[in-house]
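Residue-level listing of the chains:
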Amino acid sequence: MSQLITLFNTVRNFFFSRANREFLIFMFFLLLSGVFWLLMTLNESYEQEISVPVRIVNVPDDVMLTSDESDTLRVTLRDRGMLLLTYMYGDILKNVEANFKHYDQGSGNGSISNSELTKILQQHMANSTKIVSIKPEKLHFFYNTGANKRVPVRWRGRVIPEHLYFLSSVSYSPDSVTVYASEEKLDSIRMVYTEPLNQVGFRDTLHTDCRLQRMEGVKMVPNQVKITFCTDVLTEESMENIPIKAINVPKGKTLRMFPAKVAVRFVTGINVYRTLTPHDFAVVADYNDIRDGKSEKCPLQLQLFPVGVTRPALVTTEVDYLIEEN
């Protein structure tokens, strides 16, 4: 207890000594003058741009808004600093609403003019506040009564794995979305794209959540998808014993090739290569290429190769042949 009393006396003597007492008086009047200066400053008139969200309300149950339910205005206001601070950090301008029925033009869209926006905003502000400008000058909204269709999703942007790796497959969840829009716009929409992606220098499977690219007057449900980019290591391989198939051979004739099987070189991923068989490739010899009998060799064509294989090339591009009469 005696230690507490000693500490209290030490603190009291420090603050109320003559030198410190004069410093405290100085700080008090400095603080007081600062408060007066701040009040005088906030009492001056200023202009300030403020973001104001406007929400469309009272939408009928049978109507689907295909634009956002709310849009943001950039409103420049002039008034005393104290009021402007209230607008900026308070909730006065956070709940501005526009009645759907008042601005519906009856043809799948609606518009709120600059004068109407001014009236709506002034209902939420003091009489002394002047609206200097509103951007954009008009608000547009779009809707329909349920017309929609299902369309596939595709990614857009720059997705590049590390050197010696490549994208072996891309999957979407979901792989398609429901699009709501006017009949005219629905007819022109074949697929929807993600917002531009930028993923570079990865080697493991990449999972990313992507928002869909917005289109005016179009609502997408859902408006976000999950994309999985699977990678694989590039390797140069070959496939042997691929049978050659003769095509366009007339009835009564047989086209025989020597050899009857060939090999194909290609670039693919290690995981893809493990699943390949000779039957995944199709090599053909066209009778029309040697029907005139002038060619000593029959040219070959690689007609089919599996997904995931790049730069395929025949090891043997032409073979000996024999035409037999049946």
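For clarity, every value in this text was computed on a predicted model and none was experimentally measured.

Quick notes on the rules
- Per-chain numbering applies: the sequence of each chain, read as written, is numbered from 1 onward.
- In keeping with the predicted nature of the model, local features appear solely for residues at pLDDT of at least 70, side-chain atom pairs appear and are counted solely at 80 or more, and the whole-chain, interface and lining totals rest on all residues.
- In computing side-chain properties, one takes all heavy atoms of the structure into account and sets aside hydrogens as well as water.
- Put simply, the grid is 1 Å and covers the protein atoms alone, a cavity is a trapped set of points that fit a 1.4 Å probe, a pocket is an open set with protein on both sides within 12 Å along at least five of seven lines, and lining residues have an atom within 4 Å of a point.
- Grid points are joined across faces, edges and corners, and a volume is the space filled by probe spheres set on the points.
- The way it works is that DSSP assigns letters per residue, a run of H or I at least four long becomes a helix, a run of E at least two long becomes a strand, and they are numbered from the N terminus.
- Here the nonpolar group is Ala, Val, Leu, Ile, Met, Phe, Trp, Tyr, Cys and Pro; Asp, Glu, Lys and Arg are the charged ones; every other residue, Gly included, is treated as polar.
- At least two bridges found by DSSP between two strands are what make those strands a pair.
- For helices, the axis comes from a line fit to the C-alpha atoms of the stretch in contact; other axes are also lines fit to C-alpha atoms, and the angle between any two N-to-C directions lies between 0 and 180 degrees.
- Burial classes follow relative accessibility: with a 1.4 Å probe on protein chains only, a residue under 20% of its type's maximum area counts as buried, one over 50% as exposed, and anything between as partly exposed.
- Think of a polar contact as two N or O atoms within 3.5 Å of one another; within protein, one of them needs to be a possible hydrogen donor and the other a possible acceptor, and neighboring residues in sequence only count if both atoms come from side chains.
- It only takes one pair of heavy atoms within 4.5 Å for two residues to be counted as in contact.

**Q** Outline the layout of surface pockets, listing residues and values.
**A** If you add up the space inside the largest pocket, you get close to 580 Å³. Considering the residues around the largest pocket, the lining is formed by 26 residues, among which T66, S67, D68, R214 and M215 are closest to the centre. Secondary structure elements with two or more residues in the lining of the largest pocket: β1 (45–57), β3 (70–80), β7 (139–144) and β15 (219–221). When residues of the lining of the largest pocket are assigned to their parent elements, the largest contribution, four residues, is made by β7. Looking at the lining of the largest pocket, its residues break down into 10 nonpolar, seven polar and nine charged.

**Q** Tell me what's going on with the pairing of strand β22 (residues 318–325), and back it up with residues and numbers.
**A** Where strand β17 (residues 253–258) meets β22, six bridges bridge the pair, whose relative direction is antiparallel. Residue pairing for β22: T254 is matched across the bridge by E324. With two bridges connecting them, strand β20 (residues 298–304) and β22 associate as antiparallel partners. Residue pairing for β22: P299 is matched across the bridge by E318.

**Q** Can you explain the sheet that holds β1? Please cite residues and give values.
**A** Taken together, the four strands give an open sheet; going across it, the order is β4-β1-β3-β6, and neighbouring strands pair in mixed fashion. Of all strands in the sheet, those bounded by a partner on one side alone are β4 (96–99) and β6 (130–135). Sheet twist, expressed as the mean angle between neighbouring strand axes with direction ignored, is 35°. Where β1 and β4 come together, four bridges link them in parallel fashion.

**Q** So what about the side chain of T129? Which residues, and what values?
**A** Among the secondary structure elements, T129 is positioned in the loop between α5 (114–122) and β6. By relative accessible area, T129 is classed as buried at 7%. A distance of 2.5 Å separates polar atoms of two side chains, one belonging to T129 and the other to D79. At a separation of 2.7 Å, a polar atom in the side chain of T129 contacts the side chain of Y87. When near neighbours in sequence (up to four residues on either side) are disregarded, T129 contacts L77, R78, D79, L83 and Y87.

**Q** Got a sec to walk through the sheet that holds β15? Specific residues and values, please.
**A** As a general point, the strands of a sheet are linked pairwise by backbone hydrogen bonds and lie either parallel or antiparallel. If you walk across this open sheet you meet the four strands as β12-β8-β11-β15, and the pairing is mixed. Only two strands of the sheet have a single neighbouring strand rather than two, namely β12 (192–193) and β15. In terms of strand pairing, strand β8 (residues 148–154) meets β12 through two bridges, oriented parallel. Across the sheet, residue V153 finds its bridge partner in β12, namely V192.

**Q** Describe in detail the environment of P278, supporting the description with residues and values.
**A** Looking at the secondary structure, you find P278 in the loop between α7 (270–273) and β19 (282–286). A sequence separation of 38 residues divides P278 from E240, and the C-alpha atoms of the two residues are 6.9 Å apart. Not counting residues within four places of it along the chain, the set of residues in contact with P278 comprises M239, E240, N241 and I242.

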